[in-house]
Structures are given as C-alpha cells and as structure tokens.
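Architecture and fold: a report
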Amino acid sequence: MDKNFSGEDNDSIDWDTEDELEIQEITDTTFSSCTNLRSVRRHTVSGHGEASTSSVSCQSKFIQQFIVMGFPEESIAKAIEQNGENEGLVLDALLTFKALEDSLEDQSSASPQLEPCNSSDDSSSQYNESFLDDVYEEDSWSSDSDNCINSAKRDYLKGESSSLSEKEQTLIFLANMGYPAEEASIAMERCGPEASLAELIDFMCAAQMAREDDAYLPEDVKPKLNSGGYKRKMYNEFCTRKKQRAISDEESIPLPKHMIGFGVPTESIPRMVQRTLPEQAIGPPFFYYENVALAPKGVWDTMSRFLYDIEPEFVDSKYFCATARKRGYIHNLPIEDRFPLLPLPPRTIHEAFPLTKKWWPSWDTRTKLNCLQTSIGSARLADRIRKAMKAMENFDGEPPAIVQKYILDECRKWNLVWVGRNKVAPLETDEVEMLLGFPRNHTRGGGISRTDRYKSLGNSFQVDTVAYHLSVLKDLFPNGINVLSLFSGIGGAEVALYRLGIPLNNVVSVEKSEVNRNIVRSWWEQTNQRGNLIDFEDVLQLNGDLLEQLIDSFGGFDLVIGGSPCNNLTGSNRVSRDGLEGKDSSLFYDYVRILDLVKSIMSSRRV
C-alpha cells in the first residue's frame, strides 16, 4: 500500500475502486488475519529471538519471546512438546490453540454433542446482529486460506481419536470454528467428499450472505434455515454463476478518473460543461435517478438508453463530506447555478471527529473514510487490533510495516477510527447520520433496532451530494413542489429538498421497508411539514389508474426521484450479481414504467 498519500487530492488513493468492493468478498477470500498475524509474529520472532539447542538460558529466551507476544506458558510448553524448538511450527501451533480457544468460548452455550441449530427465523434482528458479528465482521480473509485452515486443522486433530472418520473430524473442526453443525453437514453434502475446507467455508458464507439479504421479506416468504430445497437451489445457482464469471469476467464501464460529474462546489472543472438533452427527456416532470457507479458491464448503458439516452453524471461524495460514496445519476435537471447546502459539512476525518486526532498514529494517513456500508466491524476485530498494537509496544519505534499494513487494511475496510491509545472502534449510528447529511437521531427511536439503523443508512442517499444537484429547483418552485419519491429509503431526497428550503406540498413516497417508512413518517412529523405525505409499500401498486387519481388530486408531479435497489449490481454481491436481470435491481424498469406513465398522463392533461 502506498504510504505517501495524505491529502485528499492525491491521486494515489484508490477512490476509483467501487465502494462496495472496499469490503473484500467473503466468498473469494479466507482467513488472511490468521496469515497476517502469523507473518507479523514470525517477523518479530526472527528479529528478537535467539536460536538455541542445548543451554537452559537460551531455551528460556526461546520461551520468553512467545511470552512477550502474549501467549500463556502452558500453551508454549505444549507447542514446544509437539513441534520441538522450531519457531515457525511453534508459532503456528500457538495461533491454532488461540483460535480454537476463542471459538470454544464463543460456542460455550452450544451443545457439545453438535446438535443442529433449529432457528426458525433467519431474518430477525437477533440473527442479523449475530451474523454481523460472526461473518461480515470477522478478520479480513485472504486467498491463501487453504494452507492456513488445513494447517490449523492438522494441529487441532492431532489430539483427536484416530477412530474418527475424515468426515467426522472435519465436522468437529468446523463446529469448533463456530459454524452450526447442520450447516457444516449440508455444505459437506453439497460440495462433495473431495471439497477443501476453504470451499466448505465459502459455501456456508454464501448461504449466510443470501439469508442476510432477506431481512425485510415478509414472514410468509422468508426462506427457513431448515429448508434444504432453498439451499440446494441457491447453491446450484451460485455454482452456475461462478462458472459463467470464470468464462466472461464482469467488467465495469470506464468511469471518470475524477468523479465530479458536471461539477462540484469544492473542485474547479477544466472546461465549461455543456449538455443538450434529447427532446423527449425535457420535462415536466423533472426526474432524477441514482444507483451505484461501478455496476456490471453494460448496466449504465442500458439505464441511459431507457432514460432517453441521457449521459450519466458520476459523482463521488468525498467531494462533499468525509466519506466516499461513488454513485451515478441520470437526470434532466439544469446543471447551471447549482449551490451547496450550508454550512458545509466536514470534509476530512479529523474535521468530522476532532477528538480522534489525539490518538491517531502518524502512519495511519487516511483523510477520508471509505463508503459507509450496511454492516460494521466487530468488537472482536477491534480487540484483536488493540492486542496487536499492545504487543508491538514491547519493541522500539513504530510497529513493523507488516503490522501497519494489516491494521490499515482492516481500518480502511471497516471504517474504524482511533478512539484511544491503541484502540479503534467502528462508527456509531449518529456519526453515520452526520456523515450522510441526515439530522441527528433521524433513524433513532420508534422501535428501530441498531442493526436496522445501520442497514437503512448504508442504503441511503448522501444528502449533501443530492441537494447540490436539486438546488436548481429552488428558484423554479418558490411556492413548493410535488414529489413522487420511488424507493424512498429513509427519505434522503425529502431531507435534501427540505434543507434547501423548498416547501414540500405533496410527497408520494413508495418504499417496501416498513422500518424505512416509519423513519420517513417520523421525520415528517418531527419537522412539522405542512404538506401531504402519502406512502405506498410497493411500486407495483402504481398503475395508470392510481397515477391518474394522484395527478388529478394535486395537479401533477414536479419531480420524480429515486434509486432502485442495487443488490444485484454491487461488487460485494458475488452470489447474485445479475445486473438489471436480478430480482431486486430489475425494479429499475418499474422506475422507467412509472416515469413514462407520469409524463404521458401529464402531457394529456395539458392538451
């Protein structure tokens, strides 16, 4: 990693990497933290250990170097007994003992007889919180997983009975890593007897990721944990798509190096941007469509074609706030005379969180956070970083480069900030709200869980970015605006218009998530809006007849805004990244359908 970047304008920062790819795909990578920490400690041992084969004093030094690293004496003695005074083998054994110890502690409430887990609600908040702790929030994983896992398995099974079959031994090992016995058994059955441990873990993680995406499905359509048919279908589809990607890799369309669209308030553009809209794209109504910038190949071409061949405007929100959020926008709004929301939000990490500066190490040169996700780093990960940093205090100067790289990789991936000496922590929900431009406690209260708050915020607009584009409407609608808000989420568009000082006369909001609808309704009431908020659950409800009634009731829509689900477009989705043909992202075509209907109905009313 390039250590020379420190300013936000330095081109060495890889801001062109899709924000969803900042979290490395779980199904492609496995257990790098084990490899990283093992390498770190080997580096430390080789620099400070002294080899010896006979003298007691030298043997004490051999043991002492592991004690300094925080391993218990009993474990060190056991590792030496099994492997002799070989630093590498002893270190591998100690790391294995520690991993198994942690796993057994986490599983202390589980049955020692490996009874199946019969949870009947995979999508509950409790399940999601557990999933975030045990899957998304684990260590960073790397592609050299086979060596690390298989080495750990060999060390662990040394003490197991030789009478156990290979399948039973593998099942025990996976269970002690924290995977439910039933899921491990299903994975072994689906992947076949020759499957490696990495492949088994890959399969189980893919299944867990798919279940996590169903959090907002109604109870009667949620797949159940014990549904073998669902898992079999999911796995077959996963394998098919994996083969297809191997044949034809999904590349993304080239994006501008500097994602400033048709201009941002903090950067000068080299030439005056001009564009000519196709005649059929000219309003009314104005429309504004948003989605992730780095979609599979051809997706933005398709979306542009369906939206009157308008050139997308690609913008990274790092130019508006202290976090990156790379998005594409297709709209027919004017691009002259835009203005930003005031006061301008903090644009660097230290401006946003000044108290962290005291604890920030000089070698952590981040000035911006990466894209805010729907999940956060775990407490266990933060504790591992603390222990790694504390262990390095025994040596003079800054941590070795390999330790710095490991910690920085985790901090960048999970947006961890320094909150104390050697102590990092994930962002709190109110901090995420501030970075995204929402008012404090926008998602708090009303029975909304912490997990739901992170998920809702991770899928929302960055308000300051969107408000800059919508600012041109203020002079056009001094008496207020009628808005059709599709896929409203937590009301990013409504908040942006309100903060711009544009009265909201009538807002028709369409949002599937009841949690999000409640957040928008609560904000509407808390801000004493004088207009009308009408909400619907499903875009499929908006047919021609209903739209005619709505248009007749208040004279038409001035703005149709929204961003359809990006589930099948994001880089982190390696299970169902099907582009616009995916179950969720195909709702883009409903945005087009509804926009066309609104334009047609309003055109007929003007005749």
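Structure's up top.
Residues numbered from 1 in each chain as written. Predicted model: local features only at pLDDT ≥ 70, side-chain atom pairs only at ≥ 80, totals over all residues. Heavy atoms only, no water.

Looking now at helix 18 (residues 492-499). Taken across its eight residues, helix 18 has six buried, putting it largely inside the fold. Every buried residue of helix 18 is accounted for by G492, A493, E494, V495, A496 and L497. Of the surrounding elements, those touching the buried residues of helix 18 are helix 17 (463-470), strand 6 (481-486), strand 7 (504-510), helix 19 (514-526) and strand 9 (559-562). In the stretch just after helix 18, G501 is the one whose phi turns positive, near 85 degrees. (Buried < 20%, exposed > 50% of the residue type's maximum accessible area, 1.4 Å probe, protein only. Helix = DSSP H or I, 4+ residues; strand = E, 2+ residues; numbered from the N terminus. Contact = heavy atoms within 4.5 Å.)

As for its position among the elements, Q373 is in the loop between helix 12 (349-352) and helix 13 (379-392). For Q373, the side chain forms a polar contact with the main-chain oxygen of C371, separated by 3.3 Å. (Polar contact = N/O pair within 3.5 Å; in protein donor to acceptor, adjacent residues only side chain to side chain.)

For the rest of this paragraph, the subject is the nonpolar core. One finds I407, L470, L473 and L559 to be the most contacted residues of the largest nonpolar core, which totals 71 residues. Residues within four places of L473 in sequence aside, it is in contact with F286, L333, I481, L497, I502 and L559. I310, L550, I551 and Y591 belong to the second-largest nonpolar core, a separate cluster that totals 38 residues. (Core = buried A, V, L, I, M, F, W, Y, C linked by side-chain atoms within 4.5 Å.)

What follows deals with the pairing of strand 8 (residues 532-536). As defined by bridge partners, strand 7 adjoins strand 8 across five bridges and the pair is classed as parallel. Each bridged residue has a counterpart across the sheet, and for V508 the counterpart in strand 8 is I534. The handedness of the strand 7 to strand 8 crossover, carried by helix 19, is right-handed. (Pairing = 2+ DSSP bridges. Right-handed = clockwise from strand over helix to strand, strands pointing away.)

This model, assessed by the stated rule, comprises twelve salt bridges. With a closest N to O distance of 2.9 Å, R386 and D383 form a salt bridge. Linking R386 with D383, this pair stays in helix 13, spanning three residues, or about one helical turn. On the accessibility criterion, R386 (31% relative accessible area) is partly exposed. Residue classification places D383 among the partly exposed positions, given a relative accessible area of 27%. Put simply, E433 and R453 hold a salt bridge, and the shortest N to O gap is 3.2 Å. (Salt bridge = Lys/Arg side-chain N within 4 Å of Asp/Glu carboxyl O.)

Helix 16 (residues 450-458) packs onto helix 15 (residues 429-436) with a crossing angle of 15 degrees between their chain directions and a minimal axis gap of 10 Å. In terms of orientation, helix 15 and helix 16 fall into the roughly parallel class. Of the two elements, helix 15 crosses helix 16, and the hand of that crossing is left-handed. Each of T429, D430, V432, E433 and L436 in helix 15 lies in contact with helix 16, whose residues at this interface are R450, R453, Y454 and L457. Per-class residue counts for the contact of helix 15 with helix 16 are four nonpolar, one polar and four charged. (Axes fitted to C-alpha atoms, helices over the stretch in contact; angles between N-to-C directions. Parallel < 35°, antiparallel > 145°, perpendicular 65-115°, else oblique. Left-handed = near helix turned anticlockwise from the far one by under 90°. Nonpolar A, V, L, I, M, F, W, Y, C, P; charged D, E, K, R; others polar.)

Function cannot be read off these values alone, since they describe shape.
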